[in-house]
Amino acid sequence: MRLYLINPTNPLVSSVSAKESRWNRYRVWKPLSLMALAGLTPPEWEVLIVDENLGVPDYPAMPRPDLVGITAFTSQAPRAYAVAACFRRLGVPVVMGGIHATMCVQEVLAQVDTVVTREAEGIWPQVLADARQGALQRQYDGGFAKLSQFAPARHDLLPDRYAFGAIQTTRGCPLNCTFCSVTTFNGAQYRQRPIPDVVREFQSIREKLVLVVDDNLIGTRPEHIARAKDLFRALAHANLHKQWVAQATINFADDEELLTLAAKAGCRGVFIGFESPSPEGLRELGKKYNLLKGRDFPASVRRIQRHRILVAGSFIIGLDIDEPGIGQRVAEAASRYGVDHLNALFLTPLPGTSLWDQMKCEDRLALTAFPEDWKYYTLTFPVARFKHLSLDGIIQEMIACNRHFYSPPRLLRRVWDSLWQGRRPLVSLVGNLSYRHNSRVDGKTYADFQRQRHGSTGATPVQTQA
Ligand code: B12
Ligand code: SF4
């Protein structure tokens, strides 16, 4: 039995396409969902993982599979449907799972033979058994998996062309921020994998650099932090010689011992969601952790950096309280906090979030020609109607934000600080140049976007020169 597992590309997310530039090797991340599915697949199946970010194959010319499994974030849905149609024309049954299939079941059912909602661990062997018998059902639900029953992901199945390996150690988040899908998708309960399993799987990863995909590696409660410390001790003890980056909330900075252990275990960078420069913005987004009394973001960032861990800060532009000038304010806040990289994104209603429910109810979704328009739901296009910012206005704010933060003097200043403080100046330089390059590409992309979507509205052409 032959199984193809496919990660569809989104041509609009050019920054993750390996072919566009050599640097993109550092931004093409492994599709861990498919590696996890492969790990759950019994040996009688011959498995091939196709990551279209590495190139799109000529499917009809390949040996005919018995089953195709497709994963998709919402922004990948249109391409996922094109791939599904291609295989269905060949008479091959197609199963789709992952976040978009879970949030938009009816839409996906119209495009594929079978939909698997939520996590696959508890149901995938059953789906495969049914497929073997030619008795696939239309819909399965995997529920929330017991992480102690995780099969290790198949790290051997993808080619050697990624800079980063990938691993997951926890699932779920209790915080339920309005714009985020994680609490609905993976549940409010924070579930952790047994530490020996994580260490073993880490050992099986070829790459020296690893992305820990957990939404919040250290969790929120004292027992979560204690477990994170145990995990870091175990990773350091295993002497893996890996360097890794992870996502965490700002409470990562609150515990000196945690930081010391993380650095010893190989942590070299964290992505932290600061989201908004103002408390009103944080309240609007339900970002409770950032609102805790006495929170001092510059001091928190410095504490993390003292352990030679880089901080990438994420902010969202387009909140109901955001007015003209927000782009500059975000860039100034990010500079004041002292983050090494800034990742500014448009407020985007994604299906399954409370933001989606609110905006849909208020008739504020601007791009609704679904499924085609899903390709714009990448957080890098404005897809909604914003309270105080027009479409042109918010694009100009985004450009102003990146232009300010990644201006040559500020960029050099950050690299100099990194050098002076004995951190990682080269990584800082490369990261900053690559973000700057990307924001300039985005400028051109916005111009195309405006022309295509709103050309008839007389939109002002955007200024792309940094
Ligand atoms: C790692 C990650 C990335 C990596 C992607 C790596 C990759 N190629 O997969 C990078 C950094 C590139 C990325 C980019 C983006 N991401 Co992202 N990302 C994640 C993150 C943190 C973890 C995903 C992961 O690897 N999980 C581990 C695996 C094992 O779990 P899984 O993917 O859920 O798969 C399980 C099930 O879903 C199911 N399953 C999945 N696929 C399939 C297929 C079949 C056939 C079956 C049966 C089952 C099945 O089985 C798996 C095992 O249980 C999630 C958060 C989350 N908790 O999901 C956000 C998340 C998926 N990302 C999100 C977003 C919005 C994006 C971006 C659009 C925006 C951005 N700037 O971040 C871009 C999109 C890029 C694009 N190509 O269009 C949203 C998606 C919401 C949505 N409705 O689409 C999430 C949920 C975060 C959030 N805050 O809401 N992301
Ligand atoms: S944004 Fe982060 S903290 Fe908020 S719900 Fe999502 S994963 Fe949890």
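Preceding block: the structure.
Residues numbered from 1 in each chain as written. Chains lettered and ligands numbered in written order. Predicted model: local features only at pLDDT ≥ 70, side-chain atom pairs only at ≥ 80, totals over all residues. Heavy atoms only, no water.

## Focus on the overall build of the chain
So, point 1. Along the backbone of the chain there are 16 helices and 14 strands.
So, point 2. The C-alpha atoms of the chain give a radius of gyration of 22 Å, which matches the 23 Å a tight globule of 466 residues would have.
So, point 3. Based on the C-alpha atoms only, the size of the chain along its principal axes is roughly 60 × 60 × 40 Å.
So, point 4. Within the chain, the proportion of its 466 residues that are buried is 57%.
So, point 5. Considering only intrachain contacts with a sequence separation of at least 6, the fraction spanning at least 24 residues in the chain is 74%.
So, point 6. When the accessible surface of the chain is split by element, carbon and sulfur atoms take 54% of a total near 19900 Å².
So, point 7. In the chain, 56 positive and 45 negative side-chain charges are present, and the distance between their average locations comes to 5 Å. (Helix = DSSP H or I, 4+ residues; strand = E, 2+ residues; numbered from the N terminus. Rg over C-alpha atoms; globule rule 2.2 N^0.38 Å. Buried < 20%, exposed > 50% of the residue type's maximum accessible area, 1.4 Å probe, protein only. Contact = heavy atoms within 4.5 Å. Areas by Shrake-Rupley, 256 points an atom, 1.4 Å probe, with all protein chains shown as cover. Lys, Arg positive; Asp, Glu negative; His and termini not counted. Charge placed at Lys NZ, Arg CZ, Asp CG, Glu CD.)

## What to know about the site of ligand 2
So, point 1. Taken together, Cys173, Leu175, Asn176, Cys177, Phe179, Cys180, Thr183, Asp215, Thr249 and Lys287 make up all the residues around ligand 2.
So, point 2. The residue inventory of the shell around ligand 2, partitioned by class, reads five nonpolar, three polar and two charged. (Near = heavy atom within 4 Å. Nonpolar A, V, L, I, M, F, W, Y, C, P; charged D, E, K, R; others polar.)

## Comments concerning the sheet that holds strand β3 (residues 67-71)
So, point 1. Reading across from one edge, β2-β1-β3-β4-β5-β6 is the order of the six strands in this open sheet, with parallel pairing throughout. Bordering the open sheet on either side are β2 (46-51) and β6 (139-141), each of which pairs with just one other strand. Within the sheet, the average angular offset between the axes of one strand and its neighbour, ignoring direction, is 20°.
So, point 2. Sheet topology places β3 next to strand β4 (residues 94-97); four bridges connect them, and they run parallel. (Pairing = 2+ DSSP bridges. Axes fitted to C-alpha atoms, helices over the stretch in contact; angles between N-to-C directions.)

## Some remarks on the pattern of salt bridges
So, point 1. Under the criterion given, the structure shown has 27 salt bridges.
So, point 2. Note that Glu119 and Arg171 form a salt bridge whose closest N and O atoms lie 2.9 Å from each other. Placement of Glu119 in the loop between β5 (114-117) and α5 (124-132) and of Arg171 in strand β8 (residues 170-171) is noted, with a sequence separation of 52 residues between them.
So, point 3. Since its relative accessible area comes to 4%, Glu119 is described here as buried.
So, point 4. Residue class for Arg171 comes out buried when judged on its relative accessible area of 9%.
So, point 5. Taking the shortest distance from any N to any O, the salt bridge between Lys375 and Glu372 comes out at 3.1 Å.
So, point 6. Using a relative accessible area of 45% as the deciding quantity, one classes Glu372 as partly exposed.
So, point 7. One network of salt bridges, with partners in common, ties together Lys229, Asp230, Arg233, Asp255 and Glu257. (Salt bridge = Lys/Arg side-chain N within 4 Å of Asp/Glu carboxyl O.)

## Looking at the site of ligand 1
So, point 1. As a structural note, the neighbourhood of ligand 1 is formed by 39 residues, with Thr71, Thr74, Ser75, Glu121 and Asp215 the closest of them.
So, point 2. Here a nitrogen atom of ligand 1 and a side-chain polar atom of Asp215 are 2.7 Å apart.
So, point 3. Elements supplying a minimum of two residues to the shell around ligand 1: α1 (32-40), β3, β4 and α6 (182-186).
So, point 4. The class makeup of the residues in the shell around ligand 1 is 19 nonpolar, 14 polar and six charged. (Polar contact = N/O pair within 3.5 Å; in protein donor to acceptor, adjacent residues only side chain to side chain.)

## Here's the deal with the side chain of Thr9
So, point 1. Looking at the secondary structure, you find Thr9 in the loop between β1 (2-7) and α1.
So, point 2. Classification of Thr9 as buried rests on a relative accessible area of 13%.
So, point 3. A distance of 3.3 Å separates a polar atom in the side chain of Thr9 from a polar atom in the side chain of Asn53.
So, point 4. Not counting residues within four places of it along the chain, the set of residues in contact with Thr9 comprises Glu52, Asn53, Val56 and Arg79.

## Description of the pairing of strand β10 (residues 209-212)
So, point 1. Judged from the four bridges that link them, strand β7 (residues 164-167) and β10 form a sheet pairing that is parallel. Within β10, the position partnered with Ile167 by the bridge is Val212.
So, point 2. Here four bridges tie β10 to strand β11 (residues 243-248), and the two strands are oriented parallel to one another. By the bridge assignment for β11, Val212 is matched with Ala246.
So, point 3. Taken together, β10, helix α8 (residues 222-238) and β11 form a β-α-β motif whose crossover is right-handed. (Right-handed = clockwise from strand over helix to strand, strands pointing away.)

## What to know about the nonpolar core
So, point 1. Grouped together as the largest cluster of nonpolar side chains are 106 residues, with contacts concentrated most on Phe232, Trp244, Phe252 and Phe274.
So, point 2. The greatest single-element share of this core, amounting to seven residues, is contributed by helix α2 (residues 77-89).
So, point 3. In this view, Trp244 contacts Phe202, Val210, Val212, Leu217, Phe232, Leu235, Ala262, Ala265, Gly266, Cys267, Arg268 and Gly269; residues no more than four positions away in its chain are not counted.
So, point 4. Judged by nonpolar contacts, the second largest core, of 27 residues, contains Leu3, Leu34, Ala38 and Val116. (Core = buried A, V, L, I, M, F, W, Y, C linked by side-chain atoms within 4.5 Å.)

## Quick word on the sheet that holds β11
So, point 1. On the basis of which strands lie adjacent, the open sheet formed by six strands has the order β7-β10-β11-β12-β13-β14 and parallel pairing. Pairing within the sheet leaves two strands with one partner each, and these edge strands are β7 and β14 (341-346). Averaged over all adjacent pairs, the angle separating strand axes in this sheet is 20°, with direction ignored.
So, point 2. As judged from the five bridges shared by β11 and strand β12 (residues 267-275), these two strands associate in the parallel manner. Across the sheet, the residue bridging to Ala248 is Ile272, located in β12.
So, point 3. Against the sheet, helix α9 (residues 256-265) touches β11 and β12, its axis set at about 130° to β12.

## Quick look at helix α14 (residues 391-405)
So, point 1. When the terminal C-alpha atoms of α14 are compared, their 22 Å separation across 15 residues agrees well with the 21 Å that a helix rising 1.5 Å per residue should span.
So, point 2. Residues Asp392, Gly393, Ile394, Ile395, Glu397, Met398, Ile399, Cys401, Asn402, His404 and Phe405 constitute the buried set of α14. (Expected span 1.5 Å × (residues − 1).)

## Points about the packing of aromatic side chains
So, point 1. Within this structure, the stated rule accounts for 21 aromatic pairs.
So, point 2. Taken together, a centroid distance of 5.5 Å and an interplanar angle of 85° make the contact between Phe274 and Phe297 edge-to-face. With Phe274 in strand β12 and Phe297 in helix α11 (residues 297-305), this pair connects stretches of sequence that are 23 residues apart. Here Phe274 and Phe297 have matching classes, each one buried.
So, point 3. An aromatic cluster is built from Phe274, Phe297, Phe315 and Tyr337, whose rings are joined through pairwise contacts.
So, point 4. Seen from the ring of Phe144, Arg118 lies directly overhead, with NZ or CZ sitting 5.0 Å from the centre.
So, point 5. Between Arg414 and the ring centre of Phe405, over which it is positioned, the NZ or CZ distance is 3.7 Å. (Phe/Tyr/Trp six-rings, centres within 6.5 Å; stacked < 30°, edge-to-face > 60°. Lys NZ or Arg CZ within 6 Å of the ring centre and 35° of its normal.)

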